[in-house]
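Descriptive structure summary
Here is how the chains run, residue by residue.
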Amino acid sequence: MMEPGLYHLLFISAALFFIGVFGFFTRRNLVTMLMSVELVLNSVNLNFIAFNKYLWPNKLDGLFFSIFVIAIAAAEAAVAIAIIINLYRSHHSIDVENTEELKF
Amino acid sequence: MNLTLLILLPLLTAVLILLMRNAQQVKWTALIGSTLQFALAFVLLFAFRNERAGGNEAQMLFELQYNWFPALHISFHLGVDGISVAMILLTAFVVVAGVLVSWNVTKMTKEFYFLLILLSLGAYGFFMSLDLFILFFFLEIAVIPKYLLIGIWGSGNKEKAANKLALMLMGGSSLVLVGLLGVYFGSPEKTFDLMTLSQLNIPVEVQKICFPLLFVGFGVFTALFPFHTWVPDGHSSAPTAGSMFLAGISMKLGGYGCLRVATYIMPDGAKEYADIIIVLSTIAILYGAFATMMQKDLKYINAYSSVSHCGFVLLGIGMLTKTAITGAVMQMVSHGLMTALFFAVIGMIYERTHTRQVNEMGGLLKVMPFITTVLFIVGLCSLGLPGLSGFVAEMTILMGSWQHPDWFHRIATIAACMSIVVTAVYILRAIGQTAMGPIKAEYANLADAKWNEKLAAVILIAGIIAIGVAPFWLNDLVSPAAEIIMNKVAGK
Amino acid sequence: MNDFLHIPILQVLPPGWDLGWSLMLIPLLPLAGFLLLGLFGRKYVKNSSGIIGTTLLLVSTALSLYTAYGYFFEFGKVDGVYQKIIPVQFTWLQFSPGVSIDMGIILDPISVMMLVVVSFISLMVHIYSLGYMKGEERFPTYYAFLGLFTFSMLGLVMSSNIFQLYFFWELVGVSSFLLIGYYYDRPSAVAACKKAFIVTRFADLGFLIGILILSFYAGTLDFNTLIERLTSASAPEFQSAITSSFLGVSALTWALVLVFIGGAGKSAMFPLHIWLPDAMEGPTPVSALIHAATMVVAGVFLVARLFPVFSMSPPALDIVAYTGIISALFAAVIACTQTDIKRVLAYSTMSQIGFMMFALGVSGQGGENGLGFTASMFHLFTHAMFKALLFLGAGAVIHFIHSNEMKEMGGLRKYLPVTHISFLIACLAISGVPPFAGFFSKEEILLAAYHHNAGIYWMALVTSGLTAFYMFRLYFRIFWNRSAIVHGEHHGEGGFAMMVPLVLLAVGAAAAGFIPFGNFVSSDGKRPESVFHLEFSIAPVAIGLVGIFAAMWLYKKQNDRAAAIAKSLNGFYKAAYHKFYVDELYLFITKKILFNLIGRPAAWFDKNVVDGLVIGTGNTTQVISEKIKGFQSGKVQQYAIYFLAGVIGLAVLFIYVWK
């Protein structure tokens, strides 16, 4: 059994990132889109941690960054869900197709 | 005399107007304010003459300077020479007449007069500024109210006209701004001060780039061909006082800027591009005149003839001789008075006949002797009748132009002379169709001018005749200042 | 700094002749009349405005006569030569060092002579109008305009500076415009006044450019200095004006020809004459004053004023001579066919001015050669008398019959005895019958032409025959021909006010020829030797008499002879009747070419091309923004795709392009 190395982690992170992006582009449900964003953020987290471990094992910068990202992601999720709830109240829908009024 | 008075007085008037309760109070406040401006302009004239007679040979008189934005070398620097005094006098004449003819404005009177007075503030500031940044600041003050004047109180296709005018003038002032910044960064010493800049030698490469920017930018204001198309539309849609201010003052801002800013601080650029200026202005003179022949709306007639007359201003500047430049300034004053009067008369006629089409009128001399007499006078002034101001100004420009012995300048001068004949054709056509001939039945009971209209006309006519009969005072005022500019161009 | 009230008296005059202010009053009094009546006439002095205007002019005339007496007999002559005196002059507008418009008064023989002519004829017309224009609604305005005209004309003749002359030149043009358009509600009058103004304005373009050229080479606008510099062959100014040339013609000739174009326009010389017949739309006294006696001779005066310079350029003088003689003959032919009595007189004026013009053209400078100059001025003087008389007489006839057409007239000698006699005197004078005024002056002109150029002499002889013919045609058609038909009440000859000028002018027309004119006016100010030859005058008098008898044979009694002759000359008669279609040619040029080929395209170009560009810029901006605003769709996922594409694009740029 092979020890998982940096490339494996980067591969997973990239996969996670593109899954997230793909989800963000294709899903119509705002909550699902939010979840996709979380995937993207977590792929970044994974990157930070992986680089921290393999490139600068005796430093903690990457860990701190990922903690920041998690905090921001939480805040972002809170704000986003609040927006979604309000949207639902006014539009009775959380489909992204129905949120096109902010244009031109 | 303290020049800030000329800025504070309109400012105070404008503020007072905003505080007034009803239209009557607003009108009288505006009238008193503009009369005080008028008086102040004369005080300035006499103070200026006294100083000069007392042997004060400084280029600029009554200078004052406050630091405004030291980091960018901007200072609040005012001062006047003969040219500025002439232009300030012109502004004062037009403002007081403009206030008088707008006596019947009922829609949003307070705002209307506020904007008029604000415009005069911008014009005075512009003509006194010796700092390019301040100059630009006042230029913008003088532009923006016009958009509102036309857009709110205009007639016809007013929104479109207001847009066109504002966009073209803004385009012009953006060119000016770019040019000013170019001068600022291109000059050996980073400064906006006009007097300092005029002492420096701005590198020729900078002049070659910045001169056309500034000249075209200011040229848009003074109907430089082919940037003149805001003139007909803007004038025809503007309210009477708006047209008077537009043609009488705003178009002169451009001429003054071309002379004082572009030509004075960048003489090499002026020499470089003089031929192009002459070609364009000659085209404007002749082409404006010919285009006028085909117009049927009185306001269009005067607008196109303004293009032609302002062509003379630019021609005088482009000729770069002392006489021609003196003539250009005289033409600015003369045309300002004349065209303001012309628009005032058109407004008076329109208020009565409710049409501006010349072929729908006729025989108005019978019912409105005063108004038609004014129309005759202004028409005759436009076609250069001796004894009125147009003759003096145009002849001075032509005499100045003729001092160049080469064929290029000769042909341009002769072409400009020809416009005098064309002017006679369209003016007589317009007068003949409106004032003379048999009168139509529906116009048989119209009333002649009221006191305010008579007063406005008399004030402007007094100015026109004062220049036409005794041009030497204006010449004495302007030509020393023109000589300084010319000396700079000649590299002395 | 200029001080307006301090006016320098330049030349010291003998004691008792301190003429500064009294000279200035001569033109200023009519100006005061203009201002007074123009501003207050309508309201305050409506009925007495005629008296006011006339009184002011009376004073001015008296001052003119006083000045003339003083100049010709007291102080004008120094060592046998009449001097050019400039008693008053001040700088009006300084262009550049040496070049300025000065307002001044020059006294020399021709200006003093013109001063007398203008003020005297104007006074006659003022008096005459008291009767003729009585009861007109715009009576004060009429007198105001007359005052303006008299002011400008007096200013013109006294000008000491060529630009000052141009100044007044334009002012007489505009007063003529105002007076022709006096009956402003008649479309024909409106058209006529516009035409008069525009045609003369067009000619003035030449004058203006001529002034510019002269001022450039002479470096001055002052007449005396200008003439001095451009007539002495050694002066550098003259050399440069002669040597620089354009199209093979020297600058001097160009300048003079251009100035002459201005003069030709004002004096209605062919082909710029078309405004004069139409100008007869004005009130008849105005035609007498402006379009017969004074303003139209301004062109002759201009050439005379610059005559020393003209004499330095033979080609320019030739042009003056040929234009003069062609106009004289051309107008005389047309005059024979017109039926409107004022138009006949208008063409006759044109023809007589042609005489004055070619007399100048055949003249030389100084001594015996200067005969043409003296003759021209003499003819100007006598012509002013008899032509004003003819017009005022015609005015009396029109006043009586209320029509300008010959066919309405005939047999009026019984109703208008004074008019009849004075008209006859004027006709004899213009036909050159001795001893009336025209005989002497025309004689001199023909003599001058005979010495100079035989072709011009013979054409002039024919013209003077034609002159006698058409004048007597007019005379017989008005006063004889058939018995008068008078409708209802008539008001006789229009009272005292109208008769006095007729009588005074008739005396002038009869006796003015006996003035020894050559003693006073000559090209160099010296008194020429007498050159009158009795045997020379046989031919002109004979041909004049032939013309008179021919007119008598055709028109004294009603008969068909005239119609038969007209028929036999069918094509030519028709062409002459239609004034040789010059008007139509002008109409074609202005309407078709100026308006349709220049004005309309210019207006179209402005509206569609120049303004089109501006609007096009606006529209293009709008179209583009319309196109690109689709990107701002409001669809979150679309934004995200652009975002991603942007990131990828930048990544590619950073990695592969900018490394």
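Because the structure is a prediction, the values reported are computed rather than measured. (Residues numbered from 1 in each chain as written. Chains lettered and ligands numbered in written order. Predicted model: local features only at pLDDT ≥ 70, side-chain atom pairs only at ≥ 80, totals over all residues.)

Points about the overall build of chain C
Inclusion rule: What counts as a helix is a DSSP run of H or I of at least four residues, what counts as a strand is a run of E of at least two, and both are numbered from the N terminus. Counting other C-beta atoms within 10 Å of each residue's C-beta, where C-beta atoms are placed from the backbone, gives the exposure class: buried for 20 or more, exposed for 12 or fewer, partly exposed between. Once C-beta atoms have been placed from the backbone, residue pairs whose C-beta atoms lie within 7 Å are recorded as contacts.
Looking only at helices and strands, chain C features 26 helices and six strands. With respect to the principal axes defined by its C-alpha atoms, chain C has extents near 115 × 65 × 55 Å. Across the 659 residues that make up chain C, the buried fraction comes to 56%. When contacts within chain C are restricted to residue pairs at least 6 apart in sequence, those whose partners lie at least 24 apart make up 80%.

A word on the overall build of chain A
Selection criterion: To get the radius of gyration, use the C-alpha atoms; to get the globule rule, take the number of residues to the power 0.38 and multiply by 2.2 Å.
Helix and strand content of chain A: three helices and zero strands. Helices and strands appear in chain A in the N-to-C order α-α-α. Here the C-alpha radius of gyration of chain A, 17 Å, is well above what a compact globule of 104 residues would show, namely 13 Å. Along the three orthogonal principal directions, the C-alpha set of chain A runs to about 50 × 30 × 25 Å. The buried share of chain A, taken over its 104 residues, is 13%. When contacts within chain A are restricted to residue pairs at least 6 apart in sequence, those whose partners lie at least 24 apart make up 50%.

Description of unusual backbone geometry
The linkage connecting phenylalanine 270 of chain C with the following residue, proline 271 of chain C, adopts the cis geometry, with an omega of 0 degrees. Mapped onto the elements of the fold, proline 271 of chain C is located in the loop between helix H9 (251-266) and helix H10 (275-278). One non-glycine residue, alanine 223 of chain B, lies in the positive phi region at around 60 degrees. Within the secondary structure, alanine 223 of chain B is located in the loop between helix H8 (204-221) and helix H9 (230-237). A count of 30 C-beta atoms within 10 Å places alanine 223 of chain B in the buried class.

What about the interface of chain C and chain B?
Note the cut-off: Residue type decides the class: Asp, Glu, Lys and Arg count as charged, Ala, Val, Leu, Ile, Met, Phe, Trp, Tyr, Cys and Pro as nonpolar, and the leftover types, Gly among them, as polar.
Across the boundary between the two partners, chain C contributes 39 residues, which contact 43 residues of chain B. Elements with a contribution of two residues or more to the side of chain C that touches chain B: strand E3 (85-96), helix H5 (162-180), helix H6 (187-218) and helix H25 (582-628) of chain C. Tallied by class, the residues present in the side of chain C that touches chain B amount to 26 nonpolar, six polar and seven charged.

Brief notes about helix H11 (residues 284-293) of chain C
Within H11 of chain C, ten of the ten residues are buried, leaving the element largely enclosed by the surrounding structure. Among the residues making up H11 of chain C, those that are buried are Thr284, Pro285, Val286, Ser287, Ala288, Leu289, Ile290, His291, Ala292 and Ala293 of chain C.

Some words on the packing of helix H4 (residues 109-128) of chain B against helix H5 (residues 132-153) of chain B
Residues and elements named next belong to chain B. Worth spelling out the cut-off: A fitted line through C-alpha atoms serves as each axis, taken over the contacting stretch for helices, and the angle formed by two N-to-C directions is quoted from 0 to 180°. Each angle is binned into one of four classes, with values under 35 degrees roughly parallel, values over 145 roughly antiparallel, values of 65 to 115 roughly perpendicular, and all other values oblique. Crossings are sorted by hand: turned counterclockwise from the far helix by less than a right angle, the near helix makes the crossing left-handed, and turned clockwise it makes it right-handed.
Where H4 contacts H5, the axes come no closer than 8 Å and their chain directions differ by 155 degrees. Looking at the two axes, H4 sits roughly antiparallel to H5. When you trace H4 past H5, the crossing you get is left-handed. For the pair formed by H4 and H5, the contact residues are Phe112, Leu115, Leu118, Leu119, Leu121, Gly122, Ala123, Gly125 and Phe126 on the first element and Leu135, Phe138, Leu139, Ile141, Ala142, Pro145, Lys146, Leu148, Leu149 and Trp153 on the second. A per-class count over the contact of H4 with H5 returns 16 nonpolar, two polar and one charged.

What to know about the environment of leucine 461 of chain C
All names here are of chain C. Within the secondary structure layout, leucine 461 lies in helix H19 (residues 454-479). Separated by 386 residues in the primary sequence, leucine 461 and phenylalanine 75 place their C-alpha atoms 40 Å from one another. Apart from residues no more than four positions distant in its own chain, leucine 461 is found in contact with Leu446, Ala539, Pro540 and Ile543.

As for the arrangement of the chains
Across the two pairs of chains in contact, the largest number of contacts is found between chains B and C. In this view chain A stays clear of chain B, with the nearest C-alpha atoms of the two still 21 Å from each other.

Here we look at the interface of chain A and chain C
With ten residues of chain A at the interface, the matching set in chain C holds ten residues. For the side of chain A that touches chain C, the residue count by class is six nonpolar, one polar and three charged.

Digging into the nonpolar core
Proteins that are soluble and globular tend to have nonpolar side chains buried together. Formally: Each nonpolar core consists of buried Ala, Val, Leu, Ile, Met, Phe, Trp, Tyr and Cys residues. Their C-beta atoms, within 7 Å, join them into a set.
In this structure, Ala97, Leu341, Ala344 and Leu460 of chain B together with Ala388 and Ala509 of chain C are the most contacted members of the largest nonpolar core, which totals 438 residues. For alanine 97 of chain B, the contacting residues outside a window of four places in its chain are Met244, Ala340, Ala344, Ala456, Ile459 and Leu460 of chain B.

Regarding helix H26 (residues 636-657) of chain C
Residues and elements named next belong to chain C. Formally: The length a helix should cover is 1.5 Å for every residue beyond the first.
Compared with the 32 Å implied by 1.5 Å per residue over 22 residues, the 30 Å span of H26 between its first and last C-alpha is a close match. The element H26 is largely exposed, with a buried count of zero among its 22 residues. Immediately beyond the C-terminal end of H26, within one or two residues, lies lysine 659, with a positive phi of roughly 40 degrees.

Considering the confidence of the model for chain C
Residues and elements named next belong to chain C. Applied cut-off: The quantity known as pLDDT measures the predictor's confidence residue by residue, on a range of 0 to 100.
On average, residues of chain C score 83 in pLDDT, and 94% of them are at 70 or above. At the level of individual helices and strands, chain C shows its lowest average pLDDT in helix H23 (residues 561-568), which scores 75, and its highest in H5, which scores 91. Counting interchain partners and residues more than four positions distant, the pLDDT-below-50 stretch residues 1-9 has 15 contacts. The complex model carries a pTM of 0.87, and its ipTM stands at 0.90.

A few points about the packing of helix H13 (residues 322-353) of chain B against helix H18 (residues 472-490) of chain B
Packed helix pairs are characterised by how far apart their axes lie and by the angle those axes make with each other. Residue and element names in this part refer to chain B. Contact geometry for H13 and H18: axes closest at 8 Å, N-to-C directions at 130 degrees. In terms of their interaxial angle, H13 and H18 are classed as oblique. Relative to H18, H13 is oriented so that their crossing is right-handed. Contacts from Lys322, Ile325, Thr326, Val329, Met330 and Val333 in H13 reach Leu474, Asn475, Val478, Ser479, Ala482, Glu483, Ile485 and Met486 in H18. Looking at the contact of H13 with H18, its residues break down into nine nonpolar, three polar and two charged.

So, the pairing of strand E4 (residues 99-107) of chain C
Residue and element names in this part refer to chain C. Inclusion rule: Each pair of strands is called paired provided DSSP finds at least two bridges between the two strands.
Here E4 lies mainly inside the structure; eight of its nine residues are buried. One ladder, built from eight bridges, connects E3 with E4; its direction is antiparallel. What sits directly across from isoleucine 85, in E4, is leucine 107. Adjacent in sequence and paired antiparallel, E3 and E4 are bridged by two residues, among which glycine 98 carries a positive phi angle near 90 degrees.

Quick notes on the pairing of strand E1 (residues 61-69) of chain B
Sheet topology places E1 of chain B next to strand E2 (residues 74-80) of chain B; six bridges connect them, and they run antiparallel. Across the sheet, the residue bridging to leucine 64 of chain B is leucine 78 of chain B, located in E2 of chain B.

Examining the environment of isoleucine 94 of chain A
Residues and elements named next belong to chain A. Mapped onto the secondary structure, isoleucine 94 falls in the segment after helix H3 (61-91). Sequence-wise, isoleucine 94 and phenylalanine 17 are 77 residues apart; in three dimensions their C-alpha atoms are separated by 24 Å. If near-sequence neighbours (up to four positions away) are discounted, isoleucine 94 is found in contact with Asn29, Leu30, Val31, Ile84, Leu87 and Tyr88.

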